[in-house]
Amino acid sequence: MKLRPWSLVGALTALTVVVPALGLAPPDEGGATTPPTKPAPTAATQRAADAPLALARHTAANGLEVVVFENHAVPLVTIEIAFRNGAMTEPPNFSGVSHLYEHMFFKANAKYPSQEAYMARANALGIVFNGTTGTERVNYFFTTTSEHLDDAMEFMRDAITSPTFDPGELDRERKVVIGEMDRAESSPFFLFSRELDERLWYKHPSRKDSLGSRKTVGSATVQMLRTIQQRYYVPNNGLLVVTGDVKAQSIFDQVDRLYADWKRGPDPFQKFPLIEHPPLKKTEVVVMENERVPAFVGQLSWHGPSLRAEELGATYAADGFATVLAEASSPFQQRLVESGHCLQASFGWYTQRNVGPINLSFAAAPNKAEACTKAIMAELGRMTAPDYVSRKNLVDAAHRLKIDKVKERERPSEYAHLLTFWWASADIDYYRTYVEKVGAVQPKDVADFMQTYVTDKPFVLGALITPEMKAAGITEEKVRSWAGLGGDS
Ligand SMILES: [Zn+2]
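So, here's what we can say about the structure. Computed from a prediction, not measured in an experiment: that's the story for all the values here. (Residues numbered from 1 in each chain as written. Predicted model: local features only at pLDDT ≥ 70, side-chain atom pairs only at ≥ 80, totals over all residues.)

Of the regular secondary structure elements, the protein holds 20 helices and 11 strands. In the protein, of all internal contacts separated by at least 6 residues, the share reaching a separation of at least 24 is 83%. (Helix = DSSP H or I, 4+ residues; strand = E, 2+ residues; numbered from the N terminus. Contact = placed C-beta atoms within 7 Å.)

Glancing now at unusual backbone geometry. Its identity as a non-glycine residue notwithstanding, Phe165 has a phi of 50 degrees, on the positive side. Relative to the helices and strands, Phe165 resides in the loop between α5 (149–161) and α6 (167–185).

Most of strand β11 (residues 460–465) is tucked away, with six of its six residues classed as buried. Pairing of strand β7 (residues 284–289) with β11, which is carried by six bridges, proceeds in the parallel orientation. What sits directly across from Val287, in β11, is Ala463. When strand β8 (residues 296–303) meets β11, the two strands line up antiparallel, connected through five bridges. In the strand pairing of β11, Leu300 is matched with Leu461. (Buried ≥ 20, exposed ≤ 12 C-beta atoms within 10 Å, placed from the backbone. Pairing = 2+ DSSP bridges.)

Moving on, we get to the environment of Thr384. Looking at where Thr384 falls in the secondary structure, it is placed in the loop between α14 (369–383) and α15 (391–407). A residue is classified by how many C-beta atoms lie within 10 Å of it, and Thr384, with 14 of them, is partly exposed. Remark: the alpha-carbon pair of Thr384 and Met450, spanning 66 residues in sequence, is separated by 5.9 Å. Ignoring sequence-local partners within four residues, the contact set of Thr384 consists of Met450, Val454 and Thr455.

On the basis of which strands lie adjacent, the open sheet formed by six strands has the order β1-β2-β6-β3-β5-β4 and mixed pairing. The open sheet terminates on both sides in strands that have one partner only, identified here as β1 (56–59) and β4 (128–133). Averaged over all adjacent pairs, the angle separating strand axes in this sheet is 15 degrees, with direction ignored. Of the pairings in the sheet, the one linking β1 to strand β2 (residues 65–70) comprises four bridges and is antiparallel in character. Its bridge partner being in β2, His58 is matched across the sheet by Val66. Packing of helix α16 (residues 412–425) onto the sheet brings it into contact with β2, β3 (76–83), β5 (138–145) and β6 (238–244), and relative to β6 it is tilted by some 155 degrees. (Axes fitted to C-alpha atoms, helices over the stretch in contact; angles between N-to-C directions.)

With that out of the way, let us pick up α14. With 15 residues, α14 should cover 21 Å at 1.5 Å per step; its first-to-last C-alpha distance of 21 Å lies within 8% of that length. Among the residues making up α14, those that are buried are Ala369, Cys372, Thr373, Ala375, Ile376, Glu379 and Met383. Seen along its axis, α14 keeps its buried residues to an arc of 160 degrees; they face one direction. Among the exposed residues of α14, those oriented more than 90 degrees off its buried face are Gly381 and Arg382. (Expected span 1.5 Å × (residues − 1). Arc of directions from axis to C-beta.)

Let us now look at the packing of helix α13 (residues 331–338) against α14. Put simply, α13 and α14 touch, their axes get as near as 10 Å, and they point 165 degrees apart. If you check the angle between α13 and α14, you find them roughly antiparallel. Like other packed secondary-structure pairs, α13 and α14 cross with a definite hand, here right-handed. Listed contacts from α14 to Phe332, Arg335 and Leu336 of α13 are Ala375, Ile376 and Glu379. (Parallel < 35°, antiparallel > 145°, perpendicular 65-115°, else oblique. Left-handed = near helix turned anticlockwise from the far one by under 90°.)

It is worth stressing that arrangement in space is one thing and function is another; only the former is reported here.
Okay, structure coming up:
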């Protein structure tokens, strides 16, 4: 499931009554998506859901993967390039440099030698562009009208293959990125997530921190950008997606021609393998205070599966299970939210190549903090029972995911981002067969998933409170005790 990394942020901002506009992710942080929508299945959506996924695929001689999704409803095209790069590839001395690189993408290159020339060309082509940097993907996208397709394809090629990294522009973008850090740090939810992440990924926190370190970004050099380019911006580590009013075969021909001189590089993940996040040694509790928190916010986090052969089954079980629990009629939602204990509760695993976190997030009115936390822990005890979900629950969940997947195709420009997200952390085949695999999950698979990653495993428990809540007696000792971890009772 493509839950946003700061899942509680998304969940809380959905509580508009409680949280007006706090804690939005920085605009170019990757991984964000809307929560699954659940329309009533009609005959029409079912027919559409059964239609084969209309993705045309091609691999260029240099290893560049290409996916085209045709949709001729409106004369728009989106061209998106993604690389497997971002925080997972960053040791501490590169923390945040993938993100800084992202800012340098929309700059001068061999064809457009100045920022003015670059912008003039983008404007002439009517291109709306942006990029994002996440933990496992960096992506860039251009959307314009289909009459500009050929020129936009070339414009993208020039940006990918020949950036000049002007030192003056680099200086400017360093400041822009530091400004993004300032904005992110003004959000209590961002600070809270970072506190939890530092404990969850204690050995290699930089590998999960796509915004990165001020110090590293502040002193990054052109040479460091070149290092990233040489290692990760190689065709065999990239996916080009073109969606909208285009013809697949013509795109494939164009790609073969435009990228003929772009040379394959060594597989970056053979030369620089992903690090291993060691398992948590003990359960940790952190209580953070911030005066701008609208409710008592809690989160339990565990290390979940990675996208690799031996854990694939667990990834489908995790997503099927999370979808069942998101349903308002589920016992999980009934006992936690409908009961009045919590304002919201959600459970999910974040799709990642290198250890996705499992998060159980919740929020409560301050006077219900104890009741909610205790209800969450009691539910967690039930969730590990082998018969907590039925086969019917899982089949219904897969059906909802199927409908969501069809709806994703309604907006081809957004769909391009989804495709590159799945490709970067899994691959296109995983995405294509995803619903079918989730549909085959049995209750026993869910029980195995819980047994492997959650039951009796150490976790990080965080609580975010206001100074008033603390004054009213919500302390770390109390939170520990509510969670059954000893402490004051
Ligand atoms: Zn940025």
